[in-house]
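Okay, here's what each chain looks like letter by letter:
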Amino acid sequence: MFSIQDTPLDLSALRADMADPACGALVVFEGLVRNHHEGRHVTELRYTHHLILAQKEGERILAETMERFPITKAVAVHRIGTLDIGDCAVATLTTSPHREAAFDANRFLIDSIKARVPIWKQESYTTGEVEWTSPCPNCGPIAH
Amino acid sequence: MKAIILTGGKSSRMGTDKASLKIGGVTQLDRILSLIRPLTQKIYLSIAHPSLNQSGCDIQRSAHDLHPLADLEPSPGPLGGLQAAFNDDPRSPWLLIACDLPRLGQSDLKELMDHHDSQKDVTCFLNPLDNQPEPLCAIYSPSASAKLDKVIAANQRCARRFLTSLDRIELTPSDPQAFLNMNRPEQLAELEHLDQYGAVEKTIRVEYFAKLSQEAGTESEDLRTSAATLAGLWDEVRLKHHFTLDLPHVKPALNNEFASWDTPLANEQTIAFMPPFAGG
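Conventions and cut-offs
The residue numbering used here restarts from 1 in each chain and proceeds along that chain's sequence as written. Lettering of chains starts at A and numbering of ligands starts at 1, both following the order in which they are written. Given that this is a predicted model, residues contribute local features only at a pLDDT of at least 70 and side-chain atom pairs are listed and counted only at 80 or more, while totals for whole chains, interfaces and linings are drawn from all residues. Only hydrogens and water are set aside; all other atoms, that is, all heavy atoms of the structure, feed into the side-chain values. Stacked, tilted and edge-to-face are the three classes assigned to paired rings of Phe, Tyr and Trp, where Trp is represented by its six-membered ring and a pair needs centres within 6.5 Å; plane angles under 30 degrees give stacked, over 60 edge-to-face, the rest tilted. Strands are runs of DSSP state E lasting at least 2 residues, helices are runs of H or I lasting at least 4, and numbering of each runs from the N terminus. Working definition: with a 1.4 Å probe on protein chains only, accessible area under 20% of the residue-type maximum means buried, over 50% means exposed, and in between means partly exposed. Throughout this description, the term charge over a ring refers to an Arg CZ or Lys NZ atom that lies within 6 Å of the ring centre and within 35 degrees of the ring normal. The definition used for a disulfide is geometric: two cysteine sulfur atoms within 2.5 Å. Note: two strands are recorded as paired if DSSP finds a minimum of 2 bridges between them. Start and end points for every domain follow an automatic or database-based domain assignment. Contacts: residue pairs with any heavy atoms within 4.5 Å of one another. We define buried area as the total accessible area lost by two parts upon association, computed with a 1.4 Å probe and summed across both. Think of a salt bridge as a Lys or Arg side-chain nitrogen and an Asp or Glu carboxyl oxygen that are within 4 Å of each other. Nitrogen and oxygen atoms within 3.5 Å of one another constitute a polar contact, given that in protein one can donate a hydrogen and the other can accept it, and given that sequence-neighbouring residues count only through two side-chain atoms. Residue type decides the class: Asp, Glu, Lys and Arg count as charged, Ala, Val, Leu, Ile, Met, Phe, Trp, Tyr, Cys and Pro as nonpolar, and the leftover types, Gly among them, as polar.

**Re the packing of aromatic side chains**
So, step 1. The tally for this structure, following the rule as stated, stands at twelve aromatic pairs over all chains.
So, step 2. An angle of 70° between the planes, with centres 5.8 Å apart, marks the rings of Trp120(A) and Phe277(B) as edge-to-face. Placement of the pair is Trp120(A) in strand β8 (residues 119-125) and Phe277(B) in the segment after β17 (270-274), with the two residues belonging to separate chains. For the pair Trp120(A) and Phe277(B), one class covers both residues: buried.
So, step 3. On the basis of an interplanar angle of 40° and a centroid distance of 6.3 Å, the ring pair of Phe258(B) and Phe277(B) is categorised as tilted. A residue pair is termed long-range when its members are at least 10 positions apart, and Phe258(B) in strand β16 (residues 257-258) and Phe277(B) in the segment after β17 qualify at 19 residues.
So, step 4. We classify Phe258(B) as partly exposed; its relative accessible area is 23%.
So, step 5. One aromatic cluster in this structure is built from Tyr208(B), Trp234(B), Phe243(B), Trp261(B) and Phe273(B).
So, step 6. Just above the ring of Tyr125(A) sits the side chain of Arg40(A); from NZ or CZ to the centre is 4.0 Å.

**Focus on the state of the cysteines**
Residues and elements named next belong to chain B.
So, step 1. Taken as a whole and assessed by the stated rule, the structure comprises zero disulfides over all chains.
So, step 2. Lacking any disulfide linkage, Cys-99 is separated from the closest cysteine sulfur, that of Cys-137, by 12 Å.
So, step 3. Exposure remark for Cys-99: the relative accessible area of 1% places this residue in the buried category.
So, step 4. Free of any disulfide, Cys-137 has its nearest neighbouring cysteine sulfur in Cys-124, separated by 9.3 Å.
So, step 5. You can call Cys-137 buried: its relative accessible area is 0%.

**Remarks on the pairing of strand β1 (residues 2-6) of chain B**
Residue and element names in this part refer to chain B.
So, step 1. Across the five residues that make up β1, a large majority, five, are buried.
So, step 2. Burial along β1 is two-sided: the residues Lys-2, Ile-4 and Leu-6 and Ala-3 and Ile-5 are all buried.
So, step 3. As paired strands, β1 and strand β8 (residues 94-98) are joined by five bridges and run parallel to one another. Counterpart to Ala-3 in the pairing with β8 is Leu-95.

**Things to note about the domain arrangement of chain B**
All names here are of chain B.
So, step 1. Each assigned domain of chain B is listed here: domain 1 (2-171) and domain 2 (185-274).
So, step 2. Put simply, the middle of domain 1 and the middle of domain 2, counted by C-alpha atoms, are 29 Å apart.
So, step 3. Contact with domain 1, which involves ten residues of that partner, is made by ten residues of domain 2.
So, step 4. Around 940 Å² of area is buried between domain 1 and domain 2 when both sides are counted, 72% of it from carbon and sulfur atoms.
So, step 5. Taken together, the links from domain 1 to domain 2 amount to zero salt bridges.
So, step 6. Inspection of the region where domain 1 meets domain 2 yields zero residue pairs in polar contact (both at pLDDT 80 or more).
So, step 7. Here the residues of the side of domain 1 that touches domain 2 are counted per class, giving five nonpolar, one polar and four charged.

**With respect to the interface of chain A and chain B**
So, step 1. Listed per partner, the contact involves 23 residues of chain A and 21 residues of chain B.
So, step 2. Taking both sides of the interface into account, the surface hidden between chain A and chain B amounts to around 2,000 Å²; carbon and sulfur atoms contribute 62%.
So, step 3. At the boundary of chain A and chain B, one finds two salt bridges.
So, step 4. Of the charged contacts in the structure, one is a salt bridge between Glu257(B) and Arg60(A), with a shortest N-O distance of 2.9 Å.
So, step 5. Sorting the residues of the side of chain A that touches chain B by element identifies β4 (40-49), α2 (51-68), α3 (99-116) and β8 of chain A as the ones contributing at least two each.
So, step 6. A total of five residues in the side of chain A that touches chain B trace back to one element, the largest contributor, which is α2(A).
So, step 7. Residues that form the side of chain A that touches chain B fall into these classes: eleven nonpolar, six polar and six charged.

**Brief notes about the pairing of strand β9 (residues 122-127) of chain B**
Residue and element names in this part refer to chain B.
So, step 1. Judged by how many residues are buried, β9 sits mostly within the fold: six of six residues are covered.
So, step 2. In the sheet, β9 pairs with strand β11 (residues 137-140) via two bridges, with the strands oriented antiparallel. The residue bridging Val-122 from the neighbouring strand is Tyr-140, located in β11.
So, step 3. Bridging between β9 and strand β12 (residues 168-171) involves four bridges; their strand directions are parallel. The residue of β12 that forms the bridge with Val-122 is Arg-168.
So, step 4. Across two bridges, the pairing between β9 and strand β10 (residues 132-133) is antiparallel. Within β10, the residue paired with Asn-127 across the bridge is Gln-132.
So, step 5. Hairpin connection between β9 and β10: a loop of four residues separates the two successive antiparallel strands, and Asn-131 in this loop has a positive phi of roughly 65°.

Following this line, the structure appears as structure tokens:
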């Protein structure tokens, strides 16, 4: 399941949905809103997206994740709208019988979402400036 | 009047020299020559300073009735061609023209010649896509020569800035795409498509996201365009809205699906232009 929502993520509900007695591993990644970006203090973030294409590409990434790794289930949720520092912007969850596959699949999933899903981030700074940010160079490969 | 053709040399982004690039089976140099020849027989070819490896040699040989004019110094930029021209004949007006103007028409050049007035420093066109004067398809009067020397002595290399410092006549070309050129392979695909099928007007809904919608001042607009491919449409809106990003950093989508830049446009499609993604 890939979904995009404008309300806070309910991590415990997401985790509960992953429950599977045959799985010995659940990996949960949460992407949180940081209070700094390239040396500047961030006060809040606003995410926007391409409604149709973001959903399509997210579903394609999930299908690829299931194909490439021996995992049982994968889920990803991205939040849009205005978020505060510390809020969860994205969560990726993977389960598998053994931990290695769940770890590897989760890494692939979040990296692919960041690189390929048309979602954008506008940061507000303590200086009052507001800017559309470029992908952070520490956040892995850039799609284009 | 005399004409000097700039052949540019090897384009790093195109990976080849533009003068010998073919569209519809005709090289750019042959095409520009066919436009100029009915108007003047005094045609010169701008070539690199003798100290440089001359990539223009082959072109020069194949177009044997052209007089080569070498730059007076290494790598002076396009203004170096005009400098060499006035150095050769300071009393003649000179048509300075780039070889890569595949949509420029014979009638446009004739209009330029007809409107040329020696009392003005330069006669030029405004590019309809961005309303800026085009320095590399213009007739420079001898009065521009002394001003050019000053600018080059001050080590200023920007041809457009030089042009806008001159006393000029500005014309509008008949075709809004007259000054499309090809700095990227995607633009060549656009030009090949236009050459093959002609310019066809269509209505396109264009959507902009994030930084692009901020710069455009809108999230979407309906455009009448003659662009043939997504790359051609991008060039048009990039100039219109003065976007700070260029094609390598933008992803296009056609009717809500990712598409390649050379995809042909059809009437009433929806095209999205998207800046680099920044989710997570």
